[in-house]
Amino acid sequence: MATEGTQHPLKIYWIMWAALFVLSTFSYLTDFMDDGALRTTLILTFMLAKAGGIVWIFMHMGWERLALKLAILGPPVAILVLIGMMSLEGEYVEDSRIDNYGESTFVPETPGH
Amino acid sequence: MSEAILDSGATEAPGAKGLVDDWSRDKQVFGVPWGKAMMWIFLLSDTFIFSCFLVGYMSVRIATTDPWPNPSEVFGLEAFGVQVPLLLIAIMTFVLITSSGTMALAVNMGYRKDRKKTFWLMVATALLGATFVSMQAFEWSKLISEGVRPWANPFGAAQFGSSFFMITGFHGMHVTAGVIYLLIVAFRVKNGYYEKRGGNYEIVEIAGLYWHFVDLVWVFIFAFFYLW
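Draft legend 1. Structural view of the overall build of chain B. Scanning chain B from N- to C-terminus turns up eight helices and two strands. Order of helices (α) and strands (β) in chain B, N terminus to C terminus: α-α-α-α-β-β-α-α-α-α. Considering only C-alpha atoms, chain B reaches an extent of 65 × 40 × 25 Å along its principal axes. For chain B, buried positions account for 39% of its 228 residues. Considering only contacts in chain B between residues 6 or more positions apart, those separated by 24 or more positions represent 67%.

In structure tokens form, the structure reads like this:
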């Protein structure tokens, strides 16, 4: 039971490995796109596909029993709530900074290499 | 002792019925070696640490009124006379993915009790990890020489520096610890340490879990810090 799914053929690892290379290339290519909803969606899609593949295949989560899957993958869902609350808080802090201190006067340099 | 617990009432029922069985029968809940269960729980806690860092980064990036530095320019490199955005970061990403692949193969070879291949694949993984950390050190030195500090930088919001050094620093520390961990396990595989303990190579899978997690965190850092 403990080693279930750990002695399967190597093929699935090669496929996963190749998929990670392809997905990473795609996510790198999003950097050449213009900012917008499409770019954000693609960044998140490639990120979740890579993360899912790593956890499911490389970390063997796909072969574990539901009890372990839920115990490990369930709690991180709570982080979505934190993300929601902190982005609301962030917007509020930015608004009150602008109200009290005015717009930024920072003049950034362009990174030179 | 663990065999006795695993055998008593162990069920192979899949899905939701298996979930209820695993939790409600009077037995060990997770049918995996304790080392593996504990590594998963450690990784769960590490997930929360990295999430807090990334959420903190999101929070300060939203809240600042100063413009956020453009990562593709800040992390760009000149190669053959052309400015390539995020060049080093892309290479680092591929190095880490390659190391994840060699680690996955090492775990498989471990279960096949092929000690020689397991050893060399783990050493390769560790070397790729060390390469990653070296490139990270280069990136840090470059940014520091350009005036990026945790409290200020010339390219935009001050919070950029603090987020960058904290997040990549903590990740780099994990990679460094992983390299040491992998080398210890690799040499123990080679010198027959586990043969004297019943020839059980689950430790390779447990070390692999940690290593894949480090790669997993990088996927999120790459998306949220470098691409966003």
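Draft legend 2. Summary view of the packing of helix α5 (residues 87-111) of chain B against helix α8 (residues 202-227) of chain B. All names here are of chain B. At a minimum axis separation of 9 Å, α5 and α8 run at an interaxial angle of 160 degrees. Considering the angle they form, α5 stands roughly antiparallel to α8. For the pair α5 and α8, the sense of crossing is left-handed. Along its contact with α5, which presents I89, T93, L96, I97, S100, M103, A104, A106, V107 and G110, the element α8 presents V204, E205, G208, W211, H212, D215, W218, F222 and Y226. For the contact of α5 with α8, the residue count by class is 12 nonpolar, five polar and two charged.

Draft legend 3. How the structure looks around the interface of chain B and chain A. Contacts between the two partners involve 59 residues from chain B and, on the opposite side, 51 residues from chain A. Residues of the side of chain B that touches chain A, tallied by class, amount to 37 nonpolar, 15 polar and seven charged.

Draft legend 4. Quick look at the nonpolar core. Counting 67 residues, the largest nonpolar core has B:A106, B:M122, B:L182, B:V185, B:V204 and B:F222 as its most contacted members. Going through the elements one at a time, α1 (11-29), α2 (37-58) and α3 (66-73) of chain A together with α3 (34-63), α5, α6 (115-145), α7 (159-190) and α8 of chain B are the ones with two or more residues in this core. Ranked by residues supplied to this core, first place goes to α8(B) with 18 residues. Those residues in contact with B:A106 that lie beyond four places of it in its chain are B:T118, B:L121, B:M122, B:T125, B:V204 and B:G208.

Draft legend 5. Geometry of the environment of A:E109. Looking at where A:E109 falls in the secondary structure, it is placed in the segment after α4 (78-101). For the pair A:E109 and A:K69, spaced 40 residues apart in the sequence, the C-alpha separation amounts to 48 Å.

Draft legend 6. Representation of α5(B) within the structure. The terminal C-alpha atoms of α5(B) lie 37 Å apart, and with 25 residues this matches the ideal 36 Å at 1.5 Å per residue to within 8%. Of the residues one or two after α5(B), B:K113 is the one with positive phi, at around 60 degrees.

Quick notes on the rules
- Residues numbered from 1 in each chain as written.
- Chains lettered and ligands numbered in written order.
- Predicted model: local features only at pLDDT ≥ 70, side-chain atom pairs only at ≥ 80, totals over all residues.
- Helix = DSSP H or I, 4+ residues; strand = E, 2+ residues; numbered from the N terminus.
- Buried ≥ 20, exposed ≤ 12 C-beta atoms within 10 Å, placed from the backbone.
- Contact = placed C-beta atoms within 7 Å.
- Axes fitted to C-alpha atoms, helices over the stretch in contact; angles between N-to-C directions.
- Parallel < 35°, antiparallel > 145°, perpendicular 65-115°, else oblique.
- Left-handed = near helix turned anticlockwise from the far one by under 90°.
- Nonpolar A, V, L, I, M, F, W, Y, C, P; charged D, E, K, R; others polar.
- Core = buried A, V, L, I, M, F, W, Y, C linked by C-beta atoms within 7 Å.
- Expected span 1.5 Å × (residues − 1).

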